[in-house]
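Each chain, written out:
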Amino acid sequence: MALFRRCFAAFLLICLGCSAQSGSPDLNRKIERQVRSFYSLPPNVKVVLGPTKPSEFPNYDALSITLEGNDRKSTYDFLLSKDGNTLIRMTKMDLSKDPFAEIMKKMDLSNRPVRGSKNAKVVAVNYDDFQCPFCSRMHQTLFPQLLKEYGDRVEFVYKDFPLSEIHPWAMHAAVDANCLGTQNTDAYWDFADYVHGNQKEFNSQKGRDEQFAALDHLTLDQGQKHSLDIPKLQSCLKAQDETAVKASLKEAEDLGVDGTPALFVNGQKVDGGALPVEDLRAVLDRALQDAGLKPPVHPAGQSSGPGSGGK
């Protein structure tokens, strides 16, 4: 009986060893070379082939390939023909779910300051960096111009994505803004308007401590202007709790955000950074039309294209 168990264990190990390979060493080499060539991978990226598995497609096995490099790892699904001559990148789409709605579910918008209407069918979420010059341009395009045009048709929400590596006071500004936002929405937006309109004022400070002090001074001014609980605000400023900002950073990274501004309209990412106003109108108008609503009439000569302006 003991001899039988040892033989069975050895057989099991052999089977497990076989399942860990996608094919012969020669086939594995061919696959790796094709993947490196097709995706122009640098030499430092490691290509790791997973085991082949049965697929739902006749004459093809499923194969996962992982790319590792620069402290990042991504896995992709492929189909490998059983004769080993064809490799197909497989992208399976679940048509039973709305991909943009799924993205919106991943955004935590609770307790965030809002401009526009909280009941709007179009929600524009902007991942923002207070020190980013492109964010400043985006902000000054959205407010007050587009907010005035779209009124209660759109809900505008800001979330934090400070690029601290290149913007040394962006994290501090985000925390200060949130200290205001927990007490008063208007105070948050007044702070955002001022900082995005006067970035040079903070950049010109002699050092980081001076930049932080200038931000805190502005925050306290806004607190007094809006009759906030000043001791509570001072306590928040002193604590500089980055927990909520870091959670927003993690959320954005999970959504594929790698720079700012990063705008999502009803879950659809709008690429291009600080877009011209006519491009933003086109995006918002299309979202309104998709929601069964009529876009607003734009100023003369500033139509966002066919189908816009309530036509």
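The numbering scheme is per chain: residues are counted from 1 as the chain's sequence reads. Local features in a predicted model are, by the rule used here, given only for residues with pLDDT of at least 70; side-chain atom pairs are given and counted only at 80 or more, and totals for whole chains, interfaces and linings are based on all residues. Based on all heavy atoms of the structure, the side-chain values leave hydrogens and waters out of the count.

A. Here's a closer look at the state of the cysteines. We call a pair of cysteine sulfur atoms a disulfide whenever their separation is within 2.5 Å. Considering all chains together, one arrives at one disulfide under this definition. Unpaired in terms of disulfides, C132 finds its nearest cysteine sulfur in C135, a separation of 3.2 Å. The class for C135 is buried, based on a relative accessible area of 0%. Burial classification: accessible surface area is computed with a 1.4 Å probe over protein chains only, and a residue below 20% of its type maximum counts as buried, one above 50% as exposed, and the rest as partly exposed.

B. Focus on the side chain of E155. Under the scheme used here, helices are H or I runs from DSSP no shorter than 4 residues and strands are E runs no shorter than 2 residues, and both carry numbers assigned from the N terminus. If you trace the backbone, E155 turns up in strand β8 (residues 154-160). All tallies of charge rest on Lys and Arg as positive and Asp and Glu as negative; His and the ends of each chain are not included. Whenever a carboxyl oxygen of Asp or Glu lies within 4 Å of a side-chain nitrogen of Lys or Arg, that contact is scored as a salt bridge. K118 is the oppositely charged side chain nearest to the buried, salt-bridge-free E155, at an N-O distance of 7.1 Å.

C. Region of interest: the packing of helix α6 (residues 185-197) against helix α8 (residues 208-225). Remark: α6 packs on α8, axes separated minimally by 10 Å, with the N-to-C direction vectors making an angle of 140°. In terms of orientation, α6 and α8 fall into the oblique class. Here α6 and α8 pass one another in a crossing that is right-handed. Here A187, D190, F191, Y194 and V195 of α6 lie close against α8, whose contacting residues are L215, L218, T219, Q222 and K225. When residue character is reported, Ala, Val, Leu, Ile, Met, Phe, Trp, Tyr, Cys and Pro are called nonpolar, Asp, Glu, Lys and Arg charged, and the others, Gly included, polar. A breakdown of the residues in the contact of α6 with α8 according to their chemical character gives six nonpolar, two polar and two charged. Axes here refer to lines fitted to C-alpha atoms; in helices the fit is confined to the stretch in contact. Angles between the N-to-C directions go from 0 to 180 degrees. Note on angle classes: values under 35 degrees are labelled roughly parallel, values over 145 roughly antiparallel, values of 65 to 115 roughly perpendicular, and the remainder oblique. Throughout, a crossing is termed right-handed when the near helix is turned clockwise from the far one, and left-handed when it is turned anticlockwise from it by less than a right angle. We call two residues contacting when some pair of their heavy atoms lies within 4.5 Å.

D. Layout of the environment of D271. Along the chain, the position of D271 falls in the loop between β10 (268-270) and α11 (277-290). Residue class for D271 comes out exposed when judged on its relative accessible area of 59%. Distance from D271 to P261, taken between C-alpha atoms, is 9.2 Å for residues 10 residues apart in sequence.

E. View of the nonpolar core. Only buried residues count toward a nonpolar core, which is a set of Ala, Val, Leu, Ile, Met, Phe, Trp, Tyr and Cys residues joined through side-chain atoms within 4.5 Å. With 57 residues, the main nonpolar core has Y127, F130, L142, F191, V195 and V265 as its most contacted residues. It is helix α5 (residues 170-181) that contributes the most residues to this core, seven residues altogether. Counting residues in hydrophobic clusters, the runner-up holds 12 residues, among them L27, V45, V47 and F78.

F. Looking closely at the side chain of H167. Counting through the fold element by element, H167 comes out in the loop between β8 and α5. Accessibility expressed as a relative area gives 11% for H167, which makes it buried. N or O atoms closer than or at 3.5 Å make up a polar contact, with two conditions inside protein: a donor-capable atom paired with an acceptor-capable one, and, for residues adjacent in sequence, both atoms drawn from side chains. Of the polar contacts made by the side chain of H167, one reaches the side chain of D129; its length is 2.8 Å. Among residues more than four places away in sequence, those in contact with H167 are D129, Q131, C132 and P133.

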